[in-house]
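Notes for the structure review
Spelled out from the first residue to the last, the chains are:
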Amino acid sequence: MAMDGYKGFLGLLVSALLVGFLSVIFTLIWVLHYREGLGWDGTALQFNWHPVLTVTGFVFIQGLAIIVYRLPWTWKCSKLLMKSIHAGLNAVAAILAIISLVAVFENRRARNLTNMYTLHSWIGLTAVVLYVLQLVLGFCIFLLPWAPLSLRAVAMPIHVYSGLFLFGTVIATVLMGVTEKLTSSSTTPPYSSFSPEGIFANTLGLLIVLYGALIFWIVTRPQWKRPKEPDSSILQSNGGAAEGIEGTVTMSLGSNKDKSDAELNNEVAARKRNFGLDEAGQRSTM
């Protein structure tokens with residue numbers, strides 16, 4: 001099935017992939033060039049994994065998971081395959097987000113610093129918990145086969161809304177984290193003097209916002225939505241046919257039963273008549 005406005009979709013998709021990839025690259029340059037690199041030793045190098053994994057998983061990969069159903073060349077693939085890809089991308093994003101939290105908590109514990117006192121940490125941890133919950137519920141309701149269709153119909157609008165809400169919340173939390181890191185660190189020159197690091201990190205923030213805007217635009221265009229598969233209509237038609245067959249069989253069995261009862265009654269009545277005639281004949285002979 002052809003997509004309406006395919007060229008526009010393709011242009012926005014390429015733009016989103018380019019901006020998202022640049023966001024990851026800018027994050028790596030920020031921590032490698034301005035923040036002394038990466039490590040896992042309890043120092044600031046371990047903390048630097050937090051922005052890298054958050055932007056890579058919680059922003060870039062989560063955005064890909066959101067728009068994977070909109071790719072027109074996947075519309076011929078089975079819905080189960082696309083559900084698996086969607087769940088897999090979200091699972092990777094969740095794992096990277098959890099590792100980024102571990103890096104922060106271990107770093108702050110090694111340096112005897114207080115945890116969970118900023119708005120960034122409150123919203124960030126809440127977003128990770130809700131994201132994992134969304135992933136688990138989505139797997140149980142939409143991927144496993146035993147969830148009833150009525151439950152899926154009720155849960156789908158909530159699933160879509162909460163996914164977009166969490167994606168927007170993550171972007172806002174990342175922006176808060178970038179600003180918090182720049183303002184809380186003693187850098188030379190300071191952030192307030194339009195330092196090169198500050199300008200570079202601000203540019204990173206703009207790229208993340210632009211990536212989010214492109215993802216939101218792509219996923220909210222109704223003409224780019226994956227066509228509905230005829231599964232539900234097939235199930236309904238098969239169900240109606242089955243009900244019709246069942247009704248026909250029931251009526252047939254009922255009519256056959258009525259016929260057999262009538263025949264049995266007729267046979268009993270004939271036997272009674274024959275018995276009455278035989279008895280009358282015997283009396284007349286006597």
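About the thresholds
- Residues numbered from 1 in each chain as written.
- Predicted model: local features only at pLDDT ≥ 70, side-chain atom pairs only at ≥ 80, totals over all residues.
- Heavy atoms only, no water.
- Axes fitted to C-alpha atoms, helices over the stretch in contact; angles between N-to-C directions.
- Helix = DSSP H or I, 4+ residues; strand = E, 2+ residues; numbered from the N terminus.
- Parallel < 35°, antiparallel > 145°, perpendicular 65-115°, else oblique.
- Left-handed = near helix turned anticlockwise from the far one by under 90°.
- Contact = heavy atoms within 4.5 Å.
- Nonpolar A, V, L, I, M, F, W, Y, C, P; charged D, E, K, R; others polar.
- Expected span 1.5 Å × (residues − 1).
- Bend = angle between axes of the 7 residues up to and from the residue.
- 1 Å grid on protein atoms, 1.4 Å probe; cavity = no way out; pocket = protein on both sides within 12 Å on 5 of 7 lines; lining within 4 Å.
- Points joined across faces, edges and corners; volume = space filled by probe spheres on them.
- Salt bridge = Lys/Arg side-chain N within 4 Å of Asp/Glu carboxyl O.
- Patch = residues over 30% accessible without salt bridge, like charges linked within 9 Å, V, L, I, M, F, W, Y side chains within 5 Å.
- Areas by Shrake-Rupley, 256 points an atom, 1.4 Å probe, with all protein chains shown as cover.
- Buried < 20%, exposed > 50% of the residue type's maximum accessible area, 1.4 Å probe, protein only.
- Phe/Tyr/Trp six-rings, centres within 6.5 Å; stacked < 30°, edge-to-face > 60°.
- Lys NZ or Arg CZ within 6 Å of the ring centre and 35° of its normal.

1. Overview of the packing of helix α4 (residues 79-110) against helix α5 (residues 119-143)
Their axes nearest at 10 Å, the elements α4 and α5 cross at an angle of 155°. As judged from the angle between their axes, α4 and α5 are roughly antiparallel. Where α4 crosses over α5, the two elements pack in a sense that is left-handed. When α4 is examined against α5, the residues Leu-80, Lys-83, Ser-84, Ala-87, Asn-90, Ala-91, Ala-93, Ala-94, Ala-97, Ile-98 and Leu-101 are found in contact with a partner set consisting of Leu-125, Val-128, Tyr-131, Val-132, Leu-135, Phe-142 and Leu-143. Residue classes in the contact of α4 with α5 are distributed as 15 nonpolar, 2 polar and 1 charged.

2. Here's the deal with helix α6 (residues 149-184)
Taking 1.5 Å of rise per residue, the 36 residues of α6 would be expected to cover 52 Å, and the 51 Å separating its terminal C-alpha atoms lies within 8% of that figure. The sharpest bend along α6 comes to roughly 35°, located at Ala-155, with the proline Pro-157 sitting one to four residues further on.

3. Quick look at the layout of surface pockets
A volume near 1,500 Å³ is recorded for the largest pocket. Along the walls of the largest pocket sit 38 residues, with Tyr-69, Lys-79, Lys-83, Phe-142 and Met-156 positioned nearest its centre. In terms of residue class, the lining of the largest pocket is made up of 20 nonpolar, 9 polar and 9 charged. Considered as a void within the structure, the second largest pocket measures approximately 880 Å³ in volume. Along its surface, the second largest pocket is lined by 43 residues, and Phe-47, His-50, Val-104, His-120 and Glu-180 are the ones closest to its centre. Taken together, the elements giving at least two residues each to the lining of the second largest pocket come down to α1 (6-34), α2 (44-47), α3 (49-67), α4, α5 and α6. With 8 residues, the top contributor of residues to the lining of the second largest pocket is α6.

4. Some points on the pattern of salt bridges
It is possible for side chains of opposite charge to pair when their charged atoms get near one another. For the structure shown, the criterion picks out 1 salt bridge. Glu-197 is paired through a salt bridge with Arg-35; the nearest N and O atoms lie 2.7 Å apart. Taken as a pair, Glu-197 in helix α7 (residues 196-219) and Arg-35 in the loop between α1 and α2 lie far apart in primary sequence, 162 residues in all.

5. Side note on a nonpolar patch on the surface
Judged by side-chain polarity, Trp-40, Ile-95, Ile-98, Ile-99 and Val-102 come together as a nonpolar surface patch covering roughly 430 Å² of accessible area. Residue position: Trp-40 is located in the loop between α1 and α2. Residue classification places Trp-40 among the partly exposed residues on the basis of a relative accessible area of 44%.

6. Considerations on the environment of Gly-8
As for its position among the elements, Gly-8 is in helix α1. Once the C-alpha coordinates of Gly-8 and Ile-218 are considered, the two residues, 210 residues apart in sequence, prove to be 9.8 Å apart.

7. Observations concerning the environment of Lys-76
Residue placement: Lys-76 occurs in the loop between α3 and α4. The exposure class of Lys-76 is exposed, given its relative accessible area of 82%.

8. Some words on the packing of aromatic side chains
Evaluated as defined, the whole model comprises 8 aromatic pairs. Each ring, one from Tyr-161 and one from Phe-165, has its centre 6.1 Å from the other, and the planes form 15°; the classification is stacked. With Tyr-161 and Phe-165 both in helix α6 and 4 residues apart, the pair spans about one turn of that helix. Owing to a relative accessible area of 59%, Tyr-161 belongs among the exposed residues under this scheme. The class of Phe-165 is partly exposed, set by a relative accessible area of 46%. Put simply, the rings of Phe-60, Phe-167, Tyr-211 and Phe-216 touch in pairs and so form one group of aromatic residues. Lying across the ring of Trp-217, Arg-221 places its NZ or CZ 3.7 Å from the centre.

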